[in-house]
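# Close look at the chain arrangement
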Amino acid sequence: MFLALSALQAADSRWRYLSSGRWELYTDAGESAGTAILRQLLEMQALFEHVALKLPASAPPIRVVLYRDAQDFKSFRQTPNTRGRFQSGQERDYILLLQPGEDTARAARHEYVHLVLCHTGGIRPAWLEEGLAEFFSTLRQRSGKAVVGDFIRSHQQLLSGGNWLMPEQFMTLRTDSALLSDAAKARMFYAQSWALTHLLMQAPDAAARMGKFGELLGTGMEQSAAFQQAFGRTMDAALRELAAVV
């Protein structure tokens with residue numbers, strides 16, 4: 001893995017530039033922080049191609065910007081809790097991240113999933129898009145093996161004691177909804193999305209069922225009917241099952 005580092009030619013000499021293949025990273029959080037995040041993303045790319053989907057060769061270059069200051073990152077937040085943001089573009093794609101924080105690396109892996117899903121097509125409701133991103137954000141290499149599906153403790157704790165979003169609201173919620181400007185509701189939406197996706201991914205034929213769900217949505221089928229046909233139970237039943245598991 002080759003990382004080329006040079007000082008960014010800008011007025012602020014704190015910014016650094018790193019690159020590797022189609023990836024480039026700008027950061028004012030320091031060389032070591034930038035190198036660690038870029039390594040995480042390169043590892044994620046290799047592992048994700050092995051266990052899930054490959055980023056098409058036709059996808060544009062990717063620019064990562066790692067911010068040290070939360071104030072600089074503030075305007076890119078989609079929800080009050082956001083630590084990362086993916087944005088597609090014609091000439092390049094962008095992943096924006098906030099450093100420091102123990103969840104920065106997981107946020108980077110989360111946004112990488114959005115990057116790949118953006119370029120592999122398909123129709124997905126927001127809960128599934130975010131659920132897949134959260135589920136695979138735990139993808140790591142351990143003892144030479146790709147491991148995914150670790151529990152996210154903050155989500156577990158929230159689901160154990162919080163007020164869940166109702167099924168109809170949960171199914172139809174969009175990530176740009178004004179409701180998610182409420183930090184508590186945003187946290188619950190991401191927690192429920194992660195947990196439901198985690199539950200659905202336990203089935204041995206999970207990939208086929210996920211594909212079927214997307215196909216049915218693509219035909220214009222209403223989400224509730226498509227969910228029941230693809231996963232063999234209603235969304236209400238799945239959430240009740242999930243509550244029992246939690």
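Source: prediction; values computed, not measured. (Residues numbered from 1 in each chain as written. Predicted model: local features only at pLDDT ≥ 70, side-chain atom pairs only at ≥ 80, totals over all residues. Heavy atoms only, no water.)

Attention now goes to the overall build of the protein. Within the protein, the regular secondary structure consists of 10 helices and 8 strands. Relative to the 2.2 N^0.38 estimate, which gives 18 Å for 246 residues, the radius of gyration of the protein is 18 Å and therefore close to what a compact globule would have. The C-alpha extent of the protein, read off along each of the three principal axes, is 55 × 40 × 35 Å. Here the protein holds 246 residues, and 45% of them are scored as buried. Of the contacts made within the protein by residues no fewer than 6 positions apart, 61% connect residues no fewer than 24 positions apart. In the protein, the 26 positive side-chain charges and the 25 negative ones have mean positions that sit 3 Å from each other. (Helix = DSSP H or I, 4+ residues; strand = E, 2+ residues; numbered from the N terminus. Rg over C-alpha atoms; globule rule 2.2 N^0.38 Å. Buried < 20%, exposed > 50% of the residue type's maximum accessible area, 1.4 Å probe, protein only. Contact = heavy atoms within 4.5 Å. Lys, Arg positive; Asp, Glu negative; His and termini not counted. Charge placed at Lys NZ, Arg CZ, Asp CG, Glu CD.)

Right, let's get into the packing of helix α8 (residues 206-218) against helix α9 (residues 223-231). Contact geometry for α8 and α9: axes closest at 9 Å, N-to-C directions at 150°. Between α8 and α9, the crossing angle belongs to the class labelled roughly antiparallel. Every pair of crossing elements has a handedness; the one defined by α8 and α9 is right-handed. Taken together, the residues of α9 that come into contact with α8 (itself represented by Arg209, Met210, Lys212, Phe213, Leu216 and Leu217) are Gln223, Ala226, Phe227, Gln229, Ala230 and Phe231. Taken together, the residues that form the contact of α8 with α9 break down as 8 nonpolar, 2 polar and 2 charged. (Axes fitted to C-alpha atoms, helices over the stretch in contact; angles between N-to-C directions. Parallel < 35°, antiparallel > 145°, perpendicular 65-115°, else oblique. Left-handed = near helix turned anticlockwise from the far one by under 90°. Nonpolar A, V, L, I, M, F, W, Y, C, P; charged D, E, K, R; others polar.)

In this sheet, strand β3 (residues 23-27) lies alongside strand β2 (residues 16-20) in antiparallel orientation, the contact comprising 5 bridges. When the bridges of β3 are listed, Ser20 appears paired with Trp23. (Pairing = 2+ DSSP bridges.)

Tallied over the entire structure, the rule returns 18 aromatic pairs. With centroids separated by 4.8 Å and ring planes inclined at 50°, the aromatic side chains of Phe227 and Phe231 adopt a geometry described as tilted. Linking Phe227 with Phe231, this pair stays in helix α9, spanning 4 residues, or about one helical turn. Of the two residues, Phe227 and Phe231, neither departs from the other in class, the shared state being buried. An aromatic cluster of at least three residues, connected via ring pairs, comprises Trp127, Phe170, Phe189, Tyr190, Phe213, Phe227 and Phe231. (Phe/Tyr/Trp six-rings, centres within 6.5 Å; stacked < 30°, edge-to-face > 60°.)

Another point: the confidence of the model for the protein. Summing up the model confidence of the protein, the mean pLDDT is 91 and the portion of residues at 70 or higher is 95%. Under a pLDDT of 50 for its full length, residues 1-11 has, in the predicted model, 25 contacts with residues more than four places off or in other chains. (pLDDT = per-residue confidence, 0-100.)

A separate point is the pairing of strand β6 (residues 93-98). By the criterion of burial, β6 is predominantly enclosed, with 5 of the 6 residues buried. With 6 bridges joining them, strand β4 (residues 62-67) and β6 adopt parallel strand pairing. Bridge assignment links Arg63 to a residue of β6, and that residue is Tyr94. Sheet topology places strand β5 (residues 84-87) next to β6; 4 bridges connect them, and they run antiparallel. Across the sheet, the residue bridging to Gln87 is Tyr94, located in β6.

Ranked by internal contacts, the top residues of the largest apolar core, which has 63 residues, are Trp23, Tyr112, Trp127, Phe189, Leu196 and Phe213. Tallying contributions element by element places helix α7 (residues 183-200) first for this core, with 10 residues. Residues within four places of Tyr112 in sequence aside, it is in contact with Trp23, Leu41, Met44, Gln45, Phe48, Leu55 and Ile95. Membership of the second largest hydrophobic core comes to 7 residues, among which are Trp15, Val65, Phe73 and Leu98. (Core = buried A, V, L, I, M, F, W, Y, C linked by side-chain atoms within 4.5 Å.)

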